[in-house]
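One-letter residues, chain by chain:
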Protein chains: 2
Amino acid sequence: MTDYDYIRDGDAIYRKSFAIIRAEADLSAFSEDEADVAIRMIHACGLVEAAAHFQFSAGFVEAARTALQAGKPIFCDAQMVAHGITRARLPAGNEVICTLRDPQTAELAKQVGNTRSAAALELWRDRLEGSVIAIGNAPTALFYLLEMLDKGCPKPAAIIGMPVGFVGAAESKEALAEGRHGIPFAIVKGRMGGSAMTAAAVNALARSGL
Amino acid sequence: MTDYDYIRDGDAIYRKSFAIIRAEADLSAFSEDEADVAIRMIHACGLVEAAAHFQFSAGFVEAARTALQAGKPIFCDAQMVAHGITRARLPAGNEVICTLRDPQTAELAKQVGNTRSAAALELWRDRLEGSVIAIGNAPTALFYLLEMLDKGCPKPAAIIGMPVGFVGAAESKEALAEGRHGIPFAIVKGRMGGSAMTAAAVNALARSGL
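Summarised in this report is the structure supplied together with it. (Residues numbered from 1 in each chain as written. Chains lettered and ligands numbered in written order. Predicted model: local features only at pLDDT ≥ 70, side-chain atom pairs only at ≥ 80, totals over all residues. Heavy atoms only, no water.)

This brings us to the interface of chain B and chain A. Counting residues at the interface gives 47 residues for chain B and 47 residues for chain A. Where chain B abuts chain A, roughly 4,100 Å² becomes buried across the two surfaces, and 62% of that area is made up of carbon and sulfur atoms. On the chain B side of the contact with chain A, Tyr 4, Met 80 and Phe 166 of chain B bury the most area, a combined 20% of that side's loss. Summed over the shared surface of chain B and chain A, the result is six salt bridges. The partner of Lys 151 of chain A in a salt bridge is Asp 3 of chain B, with the nearest N and O atoms 3.8 Å apart. Counting across the interface, chain B meets chain A through 15 residue pairs in polar contact (both at pLDDT 80 or more). Of the residues forming the side of chain B that touches chain A, the biggest block, seven residues, is contributed by helix α1 (residues 10–24) of chain B. Split into classes, the residues belonging to the side of chain B that touches chain A amount to 22 nonpolar, 14 polar and 11 charged. (Contact = heavy atoms within 4.5 Å. Buried area = accessible area lost by both parts, 1.4 Å probe. Salt bridge = Lys/Arg side-chain N within 4 Å of Asp/Glu carboxyl O. Polar contact = N/O pair within 3.5 Å; in protein donor to acceptor, adjacent residues only side chain to side chain. Helix = DSSP H or I, 4+ residues; strand = E, 2+ residues; numbered from the N terminus. Nonpolar A, V, L, I, M, F, W, Y, C, P; charged D, E, K, R; others polar.)

What follows covers the pattern of salt bridges. Within the structure shown, the criterion is met by 18 salt bridges over all chains. The closest approach of N and O atoms between Arg 22 of chain A and Asp 36 of chain A, which form a salt bridge, is 3.2 Å. A residue pair is termed long-range when its members are at least 10 positions apart, and Arg 22 of chain A in helix α1 (residues 10–24) and Asp 36 of chain A in helix α2 (residues 32–45) qualify at 14 residues. Between Arg 8 of chain B and Glu 147 of chain A there is a salt bridge; the shortest N-O distance is 2.9 Å. Of the two residues, Arg 8 of chain B sits in the segment before α1 while Glu 147 of chain A sits in helix α7 (residues 139–150), which places them in two different chains. Counted as one network, the salt bridges with shared partners bring together Asp 150, Glu 178 and Arg 180 of chain A.

Ranked by size, the top nonpolar core spans 109 residues in total, and within it Phe 54 and Ile 74 of chain A together with Phe 54 and Ile 74 of chain B carry the most contacts. Beyond its immediate stretch of four places on either side in the chain, Phe 54 of chain A contacts Phe 30, Ala 38, Met 41, Ile 42, Ile 187, Val 188 and Met 197 of chain A. (Core = buried A, V, L, I, M, F, W, Y, C linked by side-chain atoms within 4.5 Å. Buried < 20%, exposed > 50% of the residue type's maximum accessible area, 1.4 Å probe, protein only.)

It is worth spelling out the pairing of strand β4 (residues 132–135) of chain B at this point. All names here are of chain B. Because side chains alternate across β4, one face comprises the buried residues Val 132 and Ala 134, and the other comprises Ile 133 and Ile 135, equally buried. In the sheet, β4 pairs with strand β5 (residues 158–161) via four bridges, with the strands oriented parallel. Directly across from Ile 133, in β5, lies its bridge partner Ile 159. Regarding the hand of the β-α-β motif, the stretch spanning β4, helix α7 (residues 139–150) and β5 is right-handed. (Pairing = 2+ DSSP bridges. Right-handed = clockwise from strand over helix to strand, strands pointing away.)

This paragraph deals with the environment of Val 132 of chain A. Relative to the assigned elements, Val 132 of chain A resides in strand β4 (residues 132–135). Beyond its immediate chain neighbours, meaning those up to four positions away, Val 132 of chain A contacts Ala 64, Ala 67, Leu 68, Pro 73, Ile 74, Phe 75, Ala 158 and Ile 160 of chain A.

Another point: the packing of aromatic side chains. Residues and elements named next belong to chain A. Here the structure, examined in full by the defined rule, presents 14 aromatic pairs over all chains. Their ring planes at 80° and their centres at 5.4 Å tell us that Phe 30 and Phe 56 sit as a pair that is edge-to-face. Note that Phe 30 is positioned in the loop between α1 and α2 and Phe 56 in strand β1 (residues 54–56), a separation of 26 residues in sequence. On the basis of relative accessible area, Phe 30 is assigned to the buried category, the value being 13%. With a relative accessible area of 12%, Phe 56 lands in the buried category. Here Phe 75 and Trp 124 contribute two aromatic rings whose centre-to-centre distance is 5.0 Å and whose plane-to-plane angle is 25°, an arrangement assigned as stacked. You can see Phe 75 sitting in strand β2 (residues 74–76) and its partner Trp 124 sitting in the loop between α6 (116–119) and β4, a full 49 residues away along the chain. Since its relative accessible area comes to 1%, Trp 124 is described here as buried. (Phe/Tyr/Trp six-rings, centres within 6.5 Å; stacked < 30°, edge-to-face > 60°.)

All names here are of chain B. Read across the sheet, six strands follow the order β1-β6-β5-β4-β2-β3 without closing on themselves; strand pairing throughout is mixed. A single partner strand is all that each edge strand has here, and the edge strands are β1 (54–56) and β3 (96–98). This sheet shows a mean twist of 15° between the axes of neighbouring strands, independent of strand direction. Here β1 runs beside strand β6 (residues 185–188); their pairing, made up of three bridges, is antiparallel. (Axes fitted to C-alpha atoms, helices over the stretch in contact; angles between N-to-C directions.)

As structure tokens, this is what we get:
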């Protein structure tokens, strides 16, 4: 009936977690700023080995930070991503937008012949310019973004492309990493990714340091 | 400028994903019902190897399903877990409750000397009896639940204990798996876990079959 022995202070838990990750993870491929993002992503999945699959394009961290500091919105493909972003960390009260459950999305999905996750991006167009994209769930959303860009839609400042899964996830991230639109990006290669890692990346970018 | 080659139909993506997981994952440790839960959890993290860390106590799936069908609430430690639960799958319009941002929680955290994630559970007491618990983020929440049970709080019907991370996650799940209160449980042993796997487990339990 005795209490368990564990740390009950949130800040102390974070500090110890980040210290363990720094000690165990191979972060040698990353700049200091990239490493901070990587550490929070590892923290979100509990797997230091995941770092081997992280890829940041040149200038990604700076582009995303600059956009956030300028108050640009963050577009998310899933409610879980949106709800994983810590509003208090955002530098300019940035809007966090997910249009998946917008009343127009189901009809748009029929019109464009794609999933609701993909069709929801049609509602981002007007504010895409200079924004930060956080795709952490649906490969179809990332593919659809690339198709919109191919057709000339306004360019976001940075793309976090981390959909998870077994069908299209690896392929959609490979397509993003081709970099044909010159937009800085971060991906988790292969099947891993997900809303928690994606939100963690946004949270790391929202403020420098851990 | 050509479109990418990928599946654009949500149902087809699910079917193919689950088929790949069945083909690749070692599900031999699980009953048929447990395997359905395991498949959705693997789907959420993109890692078939994760199955080796899943543990379901005897009677867990049945206890959780019975509680959900009886309309019992689902208590979540994090907004991300709550937002990952597909409401349309729930069998009885079950309430999905997260008290982390309740106005009382910050003050309760000071009173009980623990994190807000843990203190938020104080607001679950009145409806804990027979409920389904879904802890996918904070080890302190799971430890605190065990402490409340040690002190005689009402018993939930089933506990999904899948906090993720480097400090306390493995230990809190080990403590749950001691099973000292006789409550059926599901865990992901070690550091892995998280809101997506936890919500996926609830979604699998909400309805039999995939």
